[in-house]
Each structure stands twice: as structure tokens, then as C-alpha cells.
Amino acid sequence: MAKQPARKSERPIVPLKPGNAGGGKGPYFGSASEAGKEAEIGVSLATPDKIRQLQKKLYRKAKQEPDYRFYLLYDKVYREDILAHAWQLVREHNGAPGVDGISCESIEARGVEEWLAGIRKELHEQTYKPDPVRRVMIPKRGGGERPLGIPTIRDRVVQTAAKLVLEPIFEADFEPNAYGYRPERSAKDAVQEVHRGLKDGYWEVVDADLSHYFDTIPHHELLQSVARRVVDAKLLRLIKLWLTAEVEEGDDPKRVQRSGGKRSRQGTPQGGVISPLLANVYMNRFLKHWRQQGKGRQFRARLINYADDFVILSAGRAAQALAWTSKVMTQLKLSLNPVKTSIKDARRQRFDFLGYSFGRERLRPPRSGWYLAAWPSKRGPAQLRASVAEELCRTNVAPWAEVATVLNRKLRGWANYFNDSIGLSSKFLKRRLRSKVTAHAVNAAPGRGRG
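Residues numbered from 1 in each chain as written. Predicted model: local features only at pLDDT ≥ 70, side-chain atom pairs only at ≥ 80, totals over all residues. Heavy atoms only, no water.

### Observations concerning the side chain of Glu221
On the secondary structure map, Glu221 appears in helix α9 (residues 219-227). Its relative accessible area of 14% is what places Glu221 among the buried residues. (Helix = DSSP H or I, 4+ residues; strand = E, 2+ residues; numbered from the N terminus. Buried < 20%, exposed > 50% of the residue type's maximum accessible area, 1.4 Å probe, protein only.)

Set out below in C-alpha cells:
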């Protein structure tokens, strides 16, 4: 792929600070090379050695034999140590209860070992059936709402156990330009790759947007993609049960709306533990086809993918790349959103990707000229301000120590992603935050009815 030279009037893009892919947590295999370099595997909680060794074996086998199909996996899912570790991972996240209203705390009160033994028995005897998924609507960055599916704690544990077994197999197959929901990879890595592409002269950008990707993944084709590697009928049946689980929506038990079920033919609920992995498996068909057909060279382009988001950076052939992409997505029974998908010239127009806004910026005096920069998009600071304001509102009567802990967690996450080298708004963090914290402290002072 020929490198496109930059014009003399252009300055190189400001480099990002190198990040630690994956934040140093989560299982990872991305460091393994085609030459057979072994990947280390870990999780946010220390992975038991026995599980770690199983994952290494599965990954190594899949990497060394691309056509191998795994046929004895189901019994690993209900292995006692894997279920116990899956519970620990779910407990660490401590998400909201599902339709049954059962929380992690209530399970601990009843006894975790006995509860896990019941799940293990159901899986062993193949009597396990997933509960309906609770659907809630959450705000989208660009406005509107998107559905979030919340499985029960029980189903989350089983899905996590299956993910521990399946992830190393499919990780061996994933294309290197995919960054979403992968071990040792992060959104920051994808942003850095976009930066490099712009710096190398790939200025024409296909700013793509898939229409409801998670909701429209076709089940039949997805299961075919899974079966290319996994032929264990019991495990395939388990995945199909999750894909066709009923969805319940509404807080009033008498007016609950139900959808999905056995007649469902598409979609995997966002919020399910297994859903990101399955979404990556299906998206990999598109990424693999791009590579095998030599489209990067043909369109003089680079494709960077993060889950259902992707951009194509091209040196003059973005229109052809978009036409080909639209055709392939139709073949995959997916579709590009015609309103949100566009072609832009990064030297003249800005585009957003994964919370960053890329585009042309002038150098500050006394220097002259311009460079291609990456800054937090306009929505990012606005969301942070809203989140901080919500925490520091007058109705929050929590002790300051608790408020400060929550604030530090939010700000630390923001700072880790939007670091100073790419335009973190110090004005907001230093001025607006200081004033809000001061106002909150005054209201929380003794004698003002605060804790």
C-alpha cells in the first residue's frame, strides 16, 4: 500500500501518547503473532491457573489450525471452577437484576455454592433454559434512546462461563483491525490507528454508521459463523437459546410487553455478556472479506473497526470503498444508515469516531500553518458536565467522601481516555469543576441539612 506524501503546507498530526492496550486488564491474546508467539491470558480478577491453561490450549490450537473445528466444549462450560470464576466476574460488575428481581446480594444471602450447584445440574442434564431478558431504554450520545437488554444474574453467569471457553477460539481468528470488546485492545487503540492513517495521507474518510447492528444480526448466518469453528451441538443449542430468549419491556407487571422468543430470526441483545463476542464473530466476516479481496490495496485505504462502528480512510477512492461496503453489508443482511453515513475530507471537514473529533486545526502563533488534530468531540465534555452536575446536585445528600469517590472514578475514566496530549478541557476541569465542588461543599456544610 503506497504511502501518500503530505503537502508542504501541512504539519504532522500531533501524536497520541502510547496507551496500554486494554488498560492492563481483561483476558488478552492480541500479542500472539502469526509466528506462534504465545499470548498471555488474564482477567480483571486473577484467572485461576487451570482455566488459564485451558484458554491457552484452545487459543493455541485455533491459531495453529485455522480449519480445526472444536467438538467437545459444552462440558467445560459447566465445569465447577469455570462457573465459580464466572460468578466472581459477574459479582465484581454487580449489575442490575433481571426480570426475576434477584440481585447478587440476595444470592450471597442464600448461599452461592448451592446456587451454582443448581446451575451446574441444569447444564449437565440439559434442562437449563434462559429467563426472559429485561429491556430498558438508555440515552444515546447523539440523542434518542437505544435498547439495553439485561439478562438475569443466573443467565449472566452461564454466558460468562461460555465466553471464557469460546473467546480464545475466536480471538485466534479475528482480524487485526478490529478493536471492540477484545482482550488487550481498546477504543484508544482504534483512535490511535485513525490518527496514524490521517498522518500517512489517507484523508478521505468513509464515516460509516450501521443501522441497529446488534438488533439486526441474522441468527442463521451468525450460527453458521460460530459453527465454522464450533461443532459441539450442545453448545450451539445453548447459544441459540440465548438468541431466541423472550424480551420483556415495561415496569408494570400487568402491562409487560413481550417480544422475541422462538420465532425470533435476528438480533442479539446489547447488555448480554455473550453478545459482544457474537457481534464480533459476525462482523469478522466483513473484515475478513475486505482483507481477502485485497480491498485495502485496491481502494488505497485502511479500515478501522470497533464493534459496530468503523471508518475507512482512503487516499482518493473513498466513494468506491463506500459502494463496495454497502453491497457487502446487503449480502450480510445488514444495512448502512444513509443519513449518518457520509464521505468527508479530513483536511476540510471534521468527523467523529469513538468520542473523538478529527479535523484541521491551526497552529497557535507565532507558528503558522495547520495540522490534523484529534480532540474530544463536542458531546464528550457535555456528557461529562451533565454527569458531574448530576452528582453535585442539591438533592444529593450523601456524605462528601462518597460523592468524592464517585467523582474521582468518573474523572479518572475521562482523563485516561481523553488525556492532555489530545485536548482534555483543562478549563472545564479546573474552573467549572472547582466552582461546582465549592457550591456543593457550601450546601453540604453543617446546619444546611446535608450529610
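### Brief notes about helix α5 (residues 112-124)
Under the 1.5 Å per step criterion, the end-to-end length of α5 is 18 Å for 13 residues, consistent within 8% with the ideal 18 Å. Residues Val112, Trp115, Leu116, Ile119 and Leu123 constitute the buried set of α5. For α5, the buried positions fall inside an angular range of 95° around the axis, keeping them on one side. Along α5, the residues that are exposed and aim more than 90 degrees away from the buried face are Glu113, Glu114, Lys121 and His124. Looking at the buried residues of α5, the elements they touch are α2 (74-77), α3 (80-93), α4 (104-110), α6 (153-171) and α10 (233-243). Just past α5, the residue Gln126 takes up positive phi, approximately 60°. (Expected span 1.5 Å × (residues − 1). Arc of directions from axis to C-beta. Contact = heavy atoms within 4.5 Å.)

### With respect to a nonpolar patch on the surface
A grouping of Tyr71, Leu72 and Val231 is seen on the molecular surface, where their side chains present a nonpolar patch of about 300 Å² in accessible area. Considering the arrangement of structural elements, one finds Tyr71 in the loop between α1 (49-64) and α2. (Patch = residues over 30% accessible without salt bridge, like charges linked within 9 Å, V, L, I, M, F, W, Y side chains within 5 Å. Areas by Shrake-Rupley, 256 points an atom, 1.4 Å probe, with all protein chains shown as cover. Salt bridge = Lys/Arg side-chain N within 4 Å of Asp/Glu carboxyl O.)

### Some points on the confidence of the model for the protein
Of the residues in the protein, 76% reach a pLDDT of 70 or more, and the chain-wide mean stands at 81. Looking across the protein, the model is least confident in strand β1 (residues 10-11), with a mean pLDDT of 34, and most confident in α2, with 98. (pLDDT = per-residue confidence, 0-100.)

### Some thoughts on the pairing of strand β12 (residues 370-376)
Extensive coverage of β12 is indicated by the burial of six of its seven residues. Of the strand pairs in this sheet, strand β11 (residues 356-362) and β12 are connected by seven bridges, and their pairing is antiparallel. Residue pairing in the sheet places Tyr356 in a bridge with Pro376 of β12. (Pairing = 2+ DSSP bridges.)

### Topic: the pairing of strand β4 (residues 204-209)
Summarising burial for β4: five of the six residues are buried, a large majority. Sheet topology note: the β4/strand β8 (residues 309-314) ladder contains six bridges and is antiparallel. Each residue of the ladder has a partner; that of Glu204, found in β8, is Ser314. Sheet analysis places β4 next to strand β9 (residues 342-345), joined by four bridges and oriented antiparallel. What sits directly across from Asp207, in β9, is Ser342.

### Quick notes on the sheet that holds β9
Note: strands within a sheet are paired through backbone hydrogen bonds, in either parallel or antiparallel orientation. Strand order in the open sheet formed by four strands is β7-β8-β4-β9, and the pairing between neighbours is antiparallel. Two strands lie at the open edges of the sheet, namely β7 (301-306) and β9, each paired on one side alone. Strand after strand, the sheet turns through a mean of 20° between neighbouring axes, direction not considered. Summarising the sheet, β7 and β8 pair through six bridges and their orientation is antiparallel. (Axes fitted to C-alpha atoms, helices over the stretch in contact; angles between N-to-C directions.)

### Brief notes about the pattern of salt bridges
Once their charged atoms are close, side chains differing in charge can pair, the charge on each being opposite to the other. All told, the structure shown has 19 salt bridges when counted by the stated rule. A salt bridge links Arg154 to Asp155; the nearest nitrogen and oxygen atoms lie 3.3 Å apart. Comparing Arg154 with Asp155 shows no difference in burial state: the two are buried. With its nearest N and O atoms 3.9 Å apart, the salt bridge here joins Lys344 to Asp207. Here Lys344 is found in strand β9, whereas its partner Asp207 is found in strand β4, with 137 residues between them in sequence. Within this structure, Glu122, Asp131, Arg154 and Asp155 form a network of salt bridges that share partners.

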